[in-house]
Amino acid sequence: MIKIFFRKNLIYLLFLIIPYFLRRTLLIIINKIFGLNNSLIFCMLMFIGEIAGGLLIFYYQRNFLKKKTNKTNDIISQFTKNKFKLNRADKWPKIFMLIFFATTFDLIESSVLTNFIPKIAALSPTSTLRLCCISTITSTVLCVCMLGFKIGRHHTISLIIFGICSVIIIVLEFIFKEQSVSITKFIISYALVFCHFIFISFTDITERYLADYDYLNPSQILSTEGIFGLIMTLFYSIYQNPFREVSKIYKEVNAGEFVLLIFLLILYAVFSIGINVYKILCNILYSPMTKSLASYFLNSLFIIYYFIDKIDFITDGKPNYLYFFINLVLSILIEFFGLIYNEFFILDCCNLSKDTHEGISSRAISAEIELYNKSDDDNCIEDYDYIYYDENNNARGSKGSIESNL
């Protein structure tokens, strides 16, 4: 049995998926009309979006949240007047170094690798789209090992499905690869694809660490990353000048088409602002794994488009229906279990709902009711500080803090 469980507190994830989908569609349009793809200009616009997104979060916090919290000014004033201070785990030099590393990872995976991989071997245009779930796997491993996250049974099953689907996708790529591409270059290229997703996870984990242990505001993290990234991109542009491509397009098209290109690039920057704002909010408020869902959710629609437009899944100049159909099924399966991982869907079988938010809440309510029914004296419930289920699923009551008794 499948339960559809819409969690209102995951609304930021939906706001992240929308600009992700729109920006990816916009990239297809720009590439289709002007042949502009994997350009450093997109990386520059992305970092400009990070700076603007950080400033937008700061403006919202300063002007809107402050008005909403005026009613609780007595409590808020204690924080704003530094009567309560949080001790950061790191000093500012280390904090800036971590932000610099996160920005470097972001630049490498978004520009350097995407430009370097096609020079080694011609991969499927949708290969990175179909393997995006790898970022959820790597983020989970890093979060468990480095940040002490706990995962439930539904997480484990989802990760296993992600792993199996990824292996099948890669095997299919080897089976249907072009004969002219050497196997060595093909392996190196897909190793770099894995590095691409690992760098994404490194960036997400670093941002989460800065928020959890150094108590940095999302606007601080995002703006500083954007500044570092824009500076590094400008230095990198000495090696690969992105404006040369724009200048070439300017010479080849008429004035109206060039204005259209500028408009589309501005629109790309606007979508990047939305992505960067909700990306860091999802990362900090929920988890890097939740944030990664936006990168592969609805990928099946793009796979269908690439097949219809004869951009991908072509063998010997003809559409390969078997190759396409298997990948489409795998992508839908990945999307489905991505929703299960993030508890939009809950499988009420094989005890997969036990560690979900709904399962934990239901057990807590059942425990309270069970203790109440077992009690001869109604007042004895009030003697407990909290109620919980033990390892044998028996309701228990206890005194003191949860941490000291569990």
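These figures come from a predicted structure and were not determined experimentally. (Residues numbered from 1 in each chain as written. Predicted model: local features only at pLDDT ≥ 70, side-chain atom pairs only at ≥ 80, totals over all residues. Heavy atoms only, no water.)

### As for the overall build of the protein chain
So, point 1. Scanning the protein chain from terminus to terminus reveals 16 helices and six strands.
So, point 2. For the protein chain, the proportion of contacts with a sequence separation of at least 24, taken over those separated by at least 6, is 80%. (Helix = DSSP H or I, 4+ residues; strand = E, 2+ residues; numbered from the N terminus. Contact = heavy atoms within 4.5 Å.)

### Thoughts on helix α14 (residues 321–341)
So, point 1. For α14, with 21 residues, the first-to-last C-alpha span of 30 Å sits near the 30 Å given by 1.5 Å per residue.
So, point 2. A positive phi of about 65° marks Glu343, the residue just after α14. (Expected span 1.5 Å × (residues − 1).)

### Side note on the packing of aromatic side chains
So, point 1. Scanning all chains against the criterion turns up 22 aromatic pairs.
So, point 2. With 5.4 Å between their ring centres and 75° between their planes, Phe307 and Tyr321 make a pair best called edge-to-face. Placement of the pair is Phe307 in helix α13 (residues 299–308) and Tyr321 in helix α14, with a sequence separation of 14 residues.
So, point 3. Accessibility expressed as a relative area gives 58% for Tyr321, which makes it exposed.
So, point 4. By way of ring pairs, the aromatic residues Phe176, Phe307, Phe313, Tyr321, Tyr323 and Phe324 are connected into one cluster. (Phe/Tyr/Trp six-rings, centres within 6.5 Å; stacked < 30°, edge-to-face > 60°. Buried < 20%, exposed > 50% of the residue type's maximum accessible area, 1.4 Å probe, protein only.)

### A short note on a nonpolar patch on the surface
So, point 1. A surface patch of nonpolar side chains, about 490 Å² in accessible area, is lined by Ile11, Tyr12, Phe15, Ile18, Leu22 and Leu285.
So, point 2. Looking at the nonpolar patch, the element that brings in the most residues is helix α1 (residues 11–34), giving five residues.
So, point 3. With respect to the helices and strands, Phe15 occurs in helix α1.
So, point 4. Taking relative accessible area as the criterion, Phe15 reaches 37% and is therefore assigned partly exposed. (Patch = residues over 30% accessible without salt bridge, like charges linked within 9 Å, V, L, I, M, F, W, Y side chains within 5 Å. Areas by Shrake-Rupley, 256 points an atom, 1.4 Å probe, with all protein chains shown as cover. Salt bridge = Lys/Arg side-chain N within 4 Å of Asp/Glu carboxyl O.)

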